[in-house]
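# Understanding the architecture of this molecule
So you can see what is in the structure, the chains are spelled out below.
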Amino acid sequence: MGSLKTGFGRQLGRLGANAVGNKIAEWTGLDQSEHRTFHRGESKAKEQAEARANKNMLNSIDSAVIDNVDDVRDIIFSEDPKELFLQLETLEVQMSSETWREAIGSGADEDQRQNEENKIRNKYPDALYTKFCKGVEHLEKINPFYEGIFHFKFKKYLWGWKKFFQKYTVLAFFAILMVAIFVPLILVQGYEKCTHTYQYVIYWTVVGLFVILRFYIPFRRQIHALMHKNKVS
């Protein structure tokens, strides 16, 4: 009987202590469950507000970039080589002042946001470069030996590499490294495996065709113009 009274008394004591503790927490605002819920809600609301602000900023940048891209797209190249040359010079000046931004970011939130912004800003130099290349091709069709055409072709080639290295810096580094290592290795091993005359002929024919195509493709219009001129004369 004594132990029963003692156990009952202890239970009442715990209940009383809990009731007093809850009442004190209510009076002093120390309800931990509500406290944690409040901070979780506050943190989520802050994240949502930051996400909306970030989205609005990206939309604003995209809108401004698209306006500039549309201006580039609306350029109509002249059929007069002199006027076309001036148009290309203007594009060259604009292109020279532009740079591409890194298009491959890490998984971090801040890097991901910056990566999205970089992709948006890259639309303008992309449009300028594409338009410049189209203009150079157009000038080549009109007159493949017009004054300044080789300068423009060199700029086109140079900016193509610049675009690759600036947009994909890490990827470009590894790609160049792989080419520098494996291409000479393949050429040397291929040559060492040749044991007969016909194999050497095939080897040097493949290498020669590659070199010829490498020079033919960028200067095909000039080559065709020279061949046509020789036939006419």
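Structural data are supplied above this passage.
Residues numbered from 1 in each chain as written. Predicted model: local features only at pLDDT ≥ 70, side-chain atom pairs only at ≥ 80, totals over all residues. Heavy atoms only, no water.

## Details of the environment of A64
Just so we agree on the cut-off: Think of it this way: any DSSP run of H or I at least four residues long counts as a helix, any run of E at least two long counts as a strand, and we number them from the N terminus.
Examined against the element boundaries, A64 turns out to sit in helix α2 (residues 32-73). Along the sequence, A64 and R121 sit 57 residues apart, while their C-alpha atoms lie 9.4 Å from each other.

## Some details on the environment of Y124
Filter applied, for reference: Working rule for contacts: check all heavy atoms of both residues, and any pair within 4.5 Å makes them a contact.
Among the secondary structure elements, Y124 is positioned in helix α5 (residues 123-142). When the C-alpha positions of Y124 and V65 are compared, they lie 6.3 Å apart, and in sequence the two are 59 residues distant. Those residues in contact with Y124, other than ones at most four positions away along the chain, are V65, N68, V69, V72, Q94 and E98.

## Some thoughts on helix α3 (residues 81-96)
Cut-off, in case you're wondering: Expected span of a helix: the number of residues minus one, times 1.5 Å. The buried label applies to any residue whose accessible area, calculated with a 1.4 Å probe on protein chains only, is under 20% of its type's maximum; exposed applies above 50%, and partly exposed to all values in between. The arc in question is traced by the directions running from the helix axis to the C-beta atoms.
Taking 1.5 Å of rise per residue, 16 residues should cover 22 Å, and α3 covers 22 Å from first to last C-alpha, within 8% of that figure. Listed in full, the buried residues belonging to α3 are L84, F85, Q87, L88, L91, E92 and M95. Each buried residue of α3 sits inside an arc of 160° when the element is viewed along its axis, so together they form one side. What points out from α3, more than 90 degrees from its buried face, is the exposed set K82 and V93.

## What about the side chain of S78?
Quick note on the threshold: Polar contacts here mean pairs of N or O atoms no more than 3.5 Å apart (in protein, one a potential hydrogen donor and the other a potential acceptor; neighbouring residues in sequence count only if both atoms are side-chain atoms).
Looking at where S78 falls in the secondary structure, it is placed in the loop between α2 and α3. In this structure S78 comes out as buried when scored by relative accessible area, which is 17%. Engagement of the side chain of S78 in a polar contact is seen with the backbone nitrogen of D80, the distance being 3.0 Å. Ignoring sequence-local partners within four residues, the contact set of S78 consists of E83, L84, Q87, H138 and I142.

## Some words on the layout of surface pockets
Let me state the cut-off plainly: Within this scheme a cavity is a closed region of a 1 Å grid, computed over the protein atoms alone, that accommodates a 1.4 Å probe without allowing it to escape, whereas a pocket is open but has protein on both sides within 12 Å along at least five of seven lines; lining residues each have an atom within 4 Å of a point. Grid points are joined across faces, edges and corners, and a volume is the space filled by probe spheres set on the points. When residue character is reported, Ala, Val, Leu, Ile, Met, Phe, Trp, Tyr, Cys and Pro are called nonpolar, Asp, Glu, Lys and Arg charged, and the others, Gly included, polar.
Approximately 330 Å³ is the volume found for the largest pocket. If you trace the largest pocket, you find 14 residues lining it, with K153, Y157, R214, P218 and F219 closest to the centre. Residue composition of the lining of the largest pocket, grouped by class: 7 nonpolar, no polar and 7 charged.

## With respect to the pattern of salt bridges
Stated formally: A pair is scored as a salt bridge if a Lys or Arg side-chain nitrogen falls within 4 Å of a carboxyl oxygen belonging to Asp or Glu.
Throughout the structure, instances matching the rule amount to 8 salt bridges. Between R73 and D70 there is a salt bridge whose closest N-O contact spans 3.9 Å. With a gap of 3 residues between them, R73 and D70 both fall in helix α2, about one helical turn apart. According to the relative accessible area criterion, R73 is exposed, its value standing at 58%. The exposure class assigned to D70 is partly exposed, which follows from its relative accessible area of 31%.

## So, the packing of α5 against helix α6 (residues 149-167)
What counts is decided by this rule: Axis angles are defined between N-to-C directions and span 0 to 180 degrees, where every axis is a line fitted to C-alpha atoms and, for a helix, only to the segment in contact. Should an angle fall under 35 degrees it is taken as roughly parallel, and over 145 as roughly antiparallel, whereas 65 to 115 is taken as roughly perpendicular and any remaining angle as oblique. Two helices cross in a left-handed way if the nearer one is turned anticlockwise from the farther one by less than a right angle. They cross in a right-handed way if the turn is clockwise.
Their axes nearest at 10 Å, the elements α5 and α6 cross at an angle of 155°. By the angle between their axes, α5 is roughly antiparallel relative to α6. Crossing hand, α5 versus α6: left-handed. Seen from α5, the contacting residues are D126, Y129, F132, C133, V136, E137, L139 and E140; seen from α6, they are I149, F152, K153, K155, K156, W159, G160, K163 and K167. Its residues assigned to classes, the contact of α5 with α6 shows 8 nonpolar, 1 polar and 8 charged.

## Quick look at the nonpolar core
Our working definition: The nonpolar core is taken to be a set of buried Ala, Val, Leu, Ile, Met, Phe, Trp, Tyr and Cys residues, with the residues joined through side-chain atoms within 4.5 Å.
One finds L88, F132 and F152 to be the most contacted residues of the largest nonpolar core, which totals 24 residues. A total of 8 residues in this core trace back to one element, the largest contributor, which is α5. The contact partners of F132, leaving out residues within four places of it in the chain, are L88, L91, E92, F152, K155, K156 and W159.

## Observations concerning the packing of aromatic side chains
Rule in force here: Any pair of Phe, Tyr and Trp rings, taking the six-membered ring for Trp, is counted once the centres come within 6.5 Å. Such a pair is stacked with planes under 30 degrees apart, edge-to-face with planes over 60 apart, and tilted for the rest. In our convention, an over-ring charge means Lys NZ or Arg CZ found within 6 Å of a ring centre and within 35 degrees of that ring's normal.
What the rule picks out here adds up to 15 aromatic pairs. Considering the side-chain rings of F132 and F152, the 5.8 Å spacing of their centres and the 85° angle between planes classify their relative orientation as edge-to-face. In this pair, F132 sits in helix α5 while F152 sits in helix α6, placing the two residues 20 residues apart along the sequence. The residues F132 and F152 share a single accessibility class, namely buried. Measuring from ring centre to ring centre gives 6.0 Å for Y191 and W204, while their planes differ by 65°; the resulting arrangement is edge-to-face. One end of the pair, Y191, is in helix α7 (residues 169-192); the other, W204, is in helix α8 (residues 197-216), with 13 residues separating them in the sequence. In this structure an aromatic cluster arises from ring pairing among F85, F132, Y146, F152 and W159. Lying over the aromatic face of F219, K153 brings its terminal NZ or CZ to 5.3 Å of the ring centre.

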